[in-house]
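# Structure assessment
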Amino acid sequence: MRALKNKICALVLSAGKGTRMKSELPKVLHRLLGEPMLWYVDKSLKGYFDPRDIFYVLGYKSHMIEQSLDFVRENKIYQKEQLGTGHALQCAYDQLIKKGYEWVLVVNGDVPLLDMDKIWPMIDRALQQDIHLSFLTINLDDPTGYGRVLRNEMGQVVGIIEQKDIQNSEIEKINEVNCGIYFINLKEVKDYLFKLDCNNKQGEYYLTDLIELFVGDKKEVYAHNLGKQKEFLGVNSCSELALCDEILQKKIVEELLNKGVLIYRPELVRIGPRVEVDSGVQITGPTEIYGKSSISKGTKIDSHVWVNDSVIEEDCKILSFSHIDGTHIGKGCTIGPFARLRPGTELVSDIKVGNFVEIKKSILQKGVKASHLTYLGDSFIGEGTNIGAGTITCNYDGKNKHQTYIGKDVFVGSNTSLVAPLKIGDRALIGAGSTITKDVPEGCLAVARQRQKNITRKIKK
Ligand code: UD1
Ligand code: MG
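Scope of this entry: the structure provided in the associated data block. (Residues numbered from 1 in each chain as written. Chains lettered and ligands numbered in written order. Predicted model: local features only at pLDDT ≥ 70, side-chain atom pairs only at ≥ 80, totals over all residues. Heavy atoms only, no water.)

## Quick look at the coordination of the magnesium ion (ligand 2)
Keep this limit in mind: Here a donor is an N, O or S atom found within 2.8 Å of the metal, or within 3.2 Å if the metal is Na, K or Ca; sites may look incomplete because water is not among the atoms. A run of H or I in DSSP becomes a helix once it reaches four residues, and a run of E becomes a strand once it reaches two; helices and strands are each numbered from the N terminus. Buried residues are those whose accessible area, probed at 1.4 Å on protein chains only, stays under 20% of the maximum for their type, while exposed residues exceed 50% and partly exposed ones sit between those limits.
Within the protein, the atoms that donate to the magnesium ion (ligand 2) are Asp-110 (OD) and Asn-236 (OD1), at distances of 2.0 to 2.2 Å. Of this pair, Asp-110 sits in the loop between strand 6 (103–108) and helix 5 (116–129) while Asn-236 sits in the loop between strand 11 (221–225) and helix 9 (238–259), and the two are 126 residues apart along the sequence. With a relative accessible area of 12%, Asp-110 lands in the buried category. Of the residues examined, Asn-236 reaches a relative accessible area of 15% and is grouped as buried.

## With respect to the environment of Arg-342
This is how it is decided: Should any heavy atoms of two residues lie within 4.5 Å, those residues are counted as being in contact. Here a polar contact means two N or O atoms within 3.5 Å. Within protein one must be a hydrogen donor candidate and the other an acceptor candidate, and residues neighboring in sequence count only if both atoms are side-chain atoms.
In this fold, Arg-342 is placed in the loop between strand 25 (340–341) and strand 26 (345–347). Under the relative-accessibility criterion, Arg-342 is labelled partly exposed at 24%. Measuring from C-alpha to C-alpha, the distance between Arg-342 and Asp-325 comes to 5.1 Å, with 17 residues separating the pair along the chain. Not counting residues within four places of it along the chain, the set of residues in contact with Arg-342 comprises Asp-325, Gly-326, Thr-327, Glu-358, Ile-359, Lys-360, Lys-361 and Tyr-375. Side chain to side chain, Arg-342 and Glu-358 meet in a polar contact 2.5 Å long.

## Focus on the packing of aromatic side chains
The following threshold applies: Each aromatic pair joins two rings of Phe, Tyr and Trp (for Trp, the six-membered one) with centres within 6.5 Å, and gets the label stacked for planes under 30 degrees apart, edge-to-face for over 60, and tilted for any other angle. Remark: a charge is flagged as sitting over a ring if the NZ atom of Lys or the CZ atom of Arg is within 6 Å of the ring centre and within 35 degrees of the ring normal.
As enumerated under the stated definition, the model contains 12 aromatic pairs in all. Seen in terms of ring centroids, Tyr-192 and Phe-214 are 4.7 Å apart; in terms of plane orientation they differ by 45°. Their pairing is tilted. With Tyr-192 in helix 7 (residues 186–193) and Phe-214 in helix 8 (residues 209–216), the pair connects residues that are 22 residues apart, well separated along the chain. Ring geometry for Phe-338 and Phe-356: centres 5.1 Å apart, planes at 15°, overall stacked. Here Phe-338 is found in the loop between strand 24 (334–335) and strand 25, whereas its partner Phe-356 is found in strand 27 (residues 352–364), with 18 residues between them in sequence. Following the ring pairs from residue to residue traces out a cluster consisting of Tyr-48, Phe-49 and Trp-120. One residue, Lys-401, lies across the ring of Tyr-396, its end atom 5.2 Å from the ring centre. Across from the ring centre of Tyr-405, 5.3 Å away, lies the NZ or CZ of Lys-423, which sits over that ring.

What follows is the structure, given as structure tokens:
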């Protein structure tokens, strides 16, 4: 880790509510392509920092953040009242000093697309030239909402002015903005940090005011300008979240196309950052694949498919409108159209799951067929078994869930109710329309329905 040897830590500011999102959820938990904003920040930082050197300032609904993201639990620092970004660093200051850090990279938690490779040159320069306060800037066609970078006639940075405090339309036009990423020498910043005041429109202690204080004391400040970059956009509103999500969606799909994944209607294919897709896989949009999913070569996914936390092995066909969550699909399976596979489902190989079939917490062995209109829950289905249309495992008695075990090469006739707990032996045959409440031994025919009577109709002449 490059950061270690220089006694550098990272501090992610994530205590704010995110009022402009107009949502009860803490801002940094809002998701892009299925992952919370803070997950992206953490992932990028981890490319350069040891996890022990990354700290999170938490405040608003901190318990929710700690619950959703285990990495924040170890290294959290509380900011009880959210009095501004400067105050957030004040809250962390003593802890960071006590731990022996000399430098801190402060990162706003609402910059999900940040790219550490582009930030590191700023850090390198600060370390080489011993510059005690550096920050990252970009140029935006529409800088509205961001802190504008103020420079003097010689082009030297003199301060940052927040959007809400701008009173002059010329300043409003400045398109160089602060990204909310700062590299700071902890010892040198102390006097200035605790001098910050809150005499501004928002009544907050702004971290950005450090620049003016440093410059006022003739101390060098370095603004590392990256020009026009989309990666450092901050997310404060739902439309900014949607914009970052769109940028990320395009980036991921483009990477997959370059890798040889055949994607039709790429603008409508949404693939999360943890998903692995082999080259040669074919995907047609609209389709969404999220979480820790992987799709192996030879597999074809038709349009309108939703996948989450699932493994789809080689040579599978996933037909339209299938919904697949927490499922392992082995080689050579055909799923859908309109299939629903719920968490805990394991399809071993060469299985056919047809339309309007729902499966939950079940293992289906090689060659099982459930082609139409079926519910299989809490079950085990042996190799080669055929589940007829309209079969239901009645797994819930109103209080508890029960298991259904079906052996090898069983034929379950259409419209059968299997009242669990139940065991059906190998090669059994269940008559259509049966309600099976007792175990069926191996090789038996079970029929549990009323015998048909044919009675002559009395027809008036
Ligand atoms: C901030 C910068 C602005 C910059 C922009 C870039 C300040 C004063 N302004 O504005 O110059 O252009 O980011 O995106 O810093 N937070 C806390 N505790 C608090 C307040 C905020 O941890 O008391 C966290 C928030 O959760 C958020 C981050 O700090 O992750 C930034 O806060 P936010 O309110 O989004 O600042 P901006 O208005 O975007
Ligand atoms: Mg922000």
